[in-house]
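Given next are the chains, with one letter for each unit.
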Amino acid sequence: MTISVSGANKRYGDFAALDDVSLEIPSGSLTALLGPSGSGKSTLLRSIAGLDRLDSGTVYINGDDVTRVSPQNRDIGFVFQHYAAFKHMTVRENVAFGLKIRKRPKAEVAKKVDELLEVVGLAGFQTRYPAQLSGGQRQRMALARALAVDPKVLLLDEPFGALDAKVREDLRKWLRRLHDEVHVTTVLVTHDQQEALDVADRIAVLNKGRIEQVGSPDDLYDRPQNEFVMSFLGSVAKLNGSLVRPHDIRVGRTPDLALSSADQASAETGVLKARVHRVVHLGFEVRVELSNAATGDEFHAQITRGDAEALALSEGDEVYVRATRVPAIASADL
Ligand SMILES: Nc1ncnc2c1ncn2[C@@H]1O[C@H](COP(=O)(O)OP(=O)(O)OP(=O)(O)O)[C@@H](O)[C@H]1O
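Residues numbered from 1 in each chain as written. Predicted model: local features only at pLDDT ≥ 70, side-chain atom pairs only at ≥ 80, totals over all residues. Heavy atoms only, no water.

Caption draft 1: Representation of the packing of aromatic side chains in the model. Applying the stated criterion across every chain, the model contains three aromatic pairs. Geometrically, the ring pair formed by Phe-78 and Phe-80 is tilted, given 4.3 Å between the ring centres and 40 degrees between the ring planes. Here Phe-78 falls in the buried class, since its relative accessible area comes to 15%. Ring centres 5.6 Å apart and planes at 5 degrees place the aromatic pair Phe-228 and Phe-232 in the stacked group. (Phe/Tyr/Trp six-rings, centres within 6.5 Å; stacked < 30°, edge-to-face > 60°. Buried < 20%, exposed > 50% of the residue type's maximum accessible area, 1.4 Å probe, protein only.)

Caption draft 2: Quick peek at helix α1 (residues 41-49). Most of α1 is tucked away, with seven of its nine residues classed as buried. Along α1, the residues that are buried comprise Lys-41, Thr-43, Leu-44, Leu-45, Ser-47, Ile-48 and Ala-49. Backbone geometry just downstream of α1 places Gly-50 in the positive-phi region, at approximately 90 degrees. (Helix = DSSP H or I, 4+ residues; strand = E, 2+ residues; numbered from the N terminus.)

Caption draft 3: Summary view of the sheet that holds strand β9 (residues 202-207). The strand order across the open sheet built from six strands is β6-β7-β8-β3-β9-β10, with neighbouring strands paired in mixed fashion. Only two strands of the sheet have a single partner each, and these edge strands are β6 (76-79) and β10 (210-215). Strand-to-strand twist of the sheet, defined as the mean angle between neighbouring strand axes without regard to direction, takes the value 15 degrees. In the sheet, strand β3 (residues 30-34) pairs with strand β8 (residues 185-190) via five bridges, with the strands oriented parallel. Within the sheet, the bridge partner assigned to Leu-34 lies in β8 and is Thr-190. Of the strands in this sheet, β3, β6, β7 (153-157), β8 and β9 touch α1, which is tilted by about 150 degrees from β7. Seen against the sheet, helix α5 (residues 165-182) touches β3, β7 and β8 and runs at an angle of roughly 140 degrees to β3. (Pairing = 2+ DSSP bridges. Axes fitted to C-alpha atoms, helices over the stretch in contact; angles between N-to-C directions. Contact = heavy atoms within 4.5 Å.)

Caption draft 4: Summary view of the nonpolar core. In terms of nonpolar packing, the biggest core is built from 44 residues, with Val-95, Leu-175 and Ile-203 touching the most fellow members. Take this core: its biggest share by element is seven residues, from helix α4 (residues 135-148). With near-sequence residues (within four places) excluded, Val-95 lies in contact with Val-113, Leu-116, Leu-117, Met-141, Ala-144, Arg-145 and Ala-148. In this structure, Ala-49, Ile-61, Leu-155 and Leu-206 belong to the second largest nonpolar core, which totals 24 residues. (Core = buried A, V, L, I, M, F, W, Y, C linked by side-chain atoms within 4.5 Å.)

Caption draft 5: Focus on the side chain of Gln-213. Within the element layout of this structure, Gln-213 appears in strand β10. Engagement of the side chain of Gln-213 in a polar contact is seen with the backbone nitrogen of Gln-225, the distance being 2.7 Å. Not counting residues within four places of it along the chain, the set of residues in contact with Gln-213 comprises Ile-203, Ala-204, Val-205, Asp-219, Leu-220, Arg-223, Pro-224, Gln-225 and Val-229. (Polar contact = N/O pair within 3.5 Å; in protein donor to acceptor, adjacent residues only side chain to side chain.)

Caption draft 6: Seen up close, the site of the ligand. Taken together, Tyr-12, Phe-15, Ala-17, Pro-36, Ser-37, Gly-38, Ser-39, Gly-40, Lys-41, Ser-42 and Thr-43 make up all the residues around the ligand. At 3.4 Å, a side-chain N or O of Tyr-12 approaches a nitrogen atom of the ligand. Gly-40 places a polar main-chain atom, nitrogen or oxygen, 3.0 Å from an oxygen atom of the ligand. Of all the secondary-structure elements, those providing two or more residues to the shell around the ligand are β2 (15-25) and α1. Examining the composition of the shell around the ligand, we find that three residues originate from one element, α1, more than from any other. Classifying every residue of the shell around the ligand gives four nonpolar, six polar and one charged. (Near = heavy atom within 4 Å. Nonpolar A, V, L, I, M, F, W, Y, C, P; charged D, E, K, R; others polar.)

Caption draft 7: Summary view of the pattern of salt bridges. Taken as a whole, this structure holds 21 salt bridges when the rule is applied. A salt bridge links Lys-273 to Glu-318; the shortest N-O distance between them is 3.5 Å. Within this pair, whereas Lys-273 is found in strand β14 (residues 272-282), its partner Glu-318 is found in strand β17 (residues 318-323), the two being separated by 45 residues in sequence. Since its relative accessible area comes to 37%, Lys-273 is described here as partly exposed. Salt-bridge contacts for Glu-318 lead to Arg-275; the nearest nitrogen and oxygen are separated by 3.3 Å. Highlighted residues: Glu-318 in strand β17 and Arg-275 in strand β14, separated in sequence by 43 residues. One continuous salt-bridge network, built from bridges that share partners, spans Arg-168, Arg-172, Asp-192, Glu-195 and Asp-198. (Salt bridge = Lys/Arg side-chain N within 4 Å of Asp/Glu carboxyl O.)

Such coordinate-based values are descriptive only and should not be taken to indicate function.
Okay, structure coming up:
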């Protein structure tokens, strides 16, 4: 089911939470709304759900204008960061709730609930109460409950926001797999660019109530339309006035960027001298924290372990760096 938002405006007093937002969400996609705190992500999601009323603009689900349709009648599943479960109901009853009120046959309900609990990794928790679950388990129960009724669209507002890093990562993978299986059009609000890049096939970047760019993770990461998108999608370093990604920085011992003086590398333009502050081993990669020798500006380069070993860097070393790739936005006003 496609979701389409057209000319959406929402103000709180003088403040524009949504400022003329238009967005197309293709059927079957997993789209992330990504942006800093207060950029309007939740307001946009809640407007799609019908939980917030737009001042002006239109929301379409599957081509139908649902702007004035109540949330209950939009056929959506919604999961919040802090899920409000029915405390007096067991996990099984919570997940079964939507099916029961739709009066589905008992056997079908039991089968579906068991399947979903298996999928979300809560098999064996059927008879527990929400208070007896961890935060991650509660969110998975919430997802199972939202999916139980086969919604047209699934709307997730920072569903993993309150969980620790490892659990978030697991749930992300799980959500991606689940989405590949069920293909329900899903919109995920997150302020975490890693989460968006990891899980979404499309990302809409919001800033101050406006959409800055919409595209695939690769589009946004490699071809950002502006500095905001470039900086929000990942770390950036400023080299000779251009914004570059840390893993697009080559570090060398000599101005020709040779790893060691024995290497035969050709001379390059745009080489900067830098000082090493710290070398951080991140498993597969190594982060080299540096400062520009001329300006003192700090930045970091992300290099391979092999290169780091060849360079044998230590704190205080003087090195040379250049960008191997500069995205097209490399801006004039820096
Ligand atoms: N009920 C309200 N009354 C007044 N201002 C509101 C209300 N709801 C949201 N806002 C404001 O609208 C702006 C957008 O809020 P929204 O929750 O959509 O942002 P967000 O991008 O989801 O942020 P976060 O990641 O912090 O949840 C914020 O500045 C917020 O303070």
